[in-house]
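A structural walkthrough
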Amino acid sequence: MSDSRQEIRICFIGESFVNGTGDPEFLGWTGRVCRNTESEKYAITYYNLGVRAETSRYLKERWRSEVSYRLPVEYDGRVVFSFGVNDSGWAGQKQGITLAESIANTRSILKQANQLYPTLMVGPPPCGDEDQETKNQIIAKLSQEFACVCQDITVPYLDVFSSLVNSPVWLIEAKANDGAHPKANGYAEFAALVQNWEGWLNWFPTE
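Presented here is a report on the structure given in the accompanying data block. Quantities reported herein were computed from a predicted structural model and do not represent experimental measurements.

The next point concerns the packing of aromatic side chains. Enumeration over the complete set of coordinates arrives at 13 aromatic pairs. One aromatic cluster in this structure is built from Phe 12, Phe 17, Trp 29, Tyr 42, Tyr 46, Trp 170, Tyr 187, Phe 190, Trp 200, Trp 203 and Phe 204. The side chain of Arg 78 reaches across the aromatic face of Phe 204, ending 5.9 Å from its centre.

Shown next as structure tokens:
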């Protein structure tokens, strides 16, 4: 029996939060969003391309080859990016990544992607470790700058930081886990933000 639903292939590209690190259910927010969006109208194939500890410098080098292999031109292929926390953490410090480089890398990635595929950007979430106040100030600045980049090149942007930094569930789970990554309930909160976002909903009209 053939499937009459619209087939959509989506690549989620980013770091450990895209990977879903820490989730005992191995879904993260990306798996939950796709599971909750799958319907009688849409059949979703989703590819999780999250790499732990990756920065925008290395994501910039790999994203196109990985995505083009999974999204042949004959399919309805789409791309969701979410990164930035590692640029502000130990990995970014080790690589000498500045705020200016993070912004430049993001602009380069999104500008190219937007010419090839329907593209969305989900901002970086907050941290819950011992240095959370200092780190979250940096992440908040990154999120603001990413929003400006997306506005300039007309890529829909979702600021999850502002919501999750006030979420007891996200912060408590992150602190109890490894200081950065939540468990199932935290990722469920993240997923709810995405699946109720206009940018995501516009990809899946109900009529």
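Picking up after the structure, the text goes on.
Inspection of the entire model under this criterion finds ten salt bridges. Note that Arg 5 is salt-bridged to Glu 38, the shortest N-O span being 2.9 Å. Remark: Glu 38 occurs in the loop between helix H2 (28–37) and strand E2 (42–50) and Arg 5 occurs in the segment before strand E1 (6–14); sequence separation between them is 33 residues. In this structure Arg 5 comes out as partly exposed when scored by relative accessible area, which is 25%. Salt-bridge contacts for Glu 54 lead to Arg 62; the nearest nitrogen and oxygen are separated by 2.6 Å. What you see here is one network of salt bridges that share partners, running through Asp 23, Glu 25 and Arg 32.

The residue Thr 106 is located in helix H6 (residues 99–116) in this model. Judged by its relative accessible area of 1%, Thr 106 falls in the buried class. The residues contacting Thr 106, other than those within four sequence positions of it, are Phe 83, Met 121, Phe 146 and Val 149.

Keep in mind that most residues, glycine aside, have a negative phi and that most peptide bonds are trans. One non-glycine residue, Phe 26, lies in the positive phi region at around 60°. Within the element layout of this structure, Phe 26 appears in the loop between helix H1 (16–19) and H2. Among the residues examined, Phe 26 registers a relative accessible area of 73% and is labelled exposed. Of note, Ala 53 is a non-glycine position whose phi angle comes to about 65°, a positive value. For Ala 53, the position within the fold is in the loop between E2 and helix H3 (56–70).

Moving on: the sheet that holds E1. By definition, the strands of a sheet pair up through backbone hydrogen bonds, in either a parallel or an antiparallel sense. The strand order across the open sheet built from five strands is E2-E1-E3-E4-E5, with neighbouring strands paired in parallel fashion. Since the sheet does not close on itself, it has two edges, and those belong to E2 and strand E5 (157–158), each with one partner. With two bridges connecting them, strand E4 (residues 119–122) and E5 associate as parallel partners. Residue Val 122 lies in a different strand from E5, and its bridge partner there is Leu 158. Taken strand by strand, H6 contacts strand E3 (77–82) and E4, and its axis lies near 150° from that of E4.

Criteria and cut-off values
Residues numbered from 1 in each chain as written. Predicted model: local features only at pLDDT ≥ 70, side-chain atom pairs only at ≥ 80, totals over all residues. Heavy atoms only, no water. Phe/Tyr/Trp six-rings, centres within 6.5 Å; stacked < 30°, edge-to-face > 60°. Lys NZ or Arg CZ within 6 Å of the ring centre and 35° of its normal. Salt bridge = Lys/Arg side-chain N within 4 Å of Asp/Glu carboxyl O. Helix = DSSP H or I, 4+ residues; strand = E, 2+ residues; numbered from the N terminus. Buried < 20%, exposed > 50% of the residue type's maximum accessible area, 1.4 Å probe, protein only. Contact = heavy atoms within 4.5 Å. Pairing = 2+ DSSP bridges. Axes fitted to C-alpha atoms, helices over the stretch in contact; angles between N-to-C directions.

Bear in mind that shape data such as this cannot, by itself, settle questions of function.
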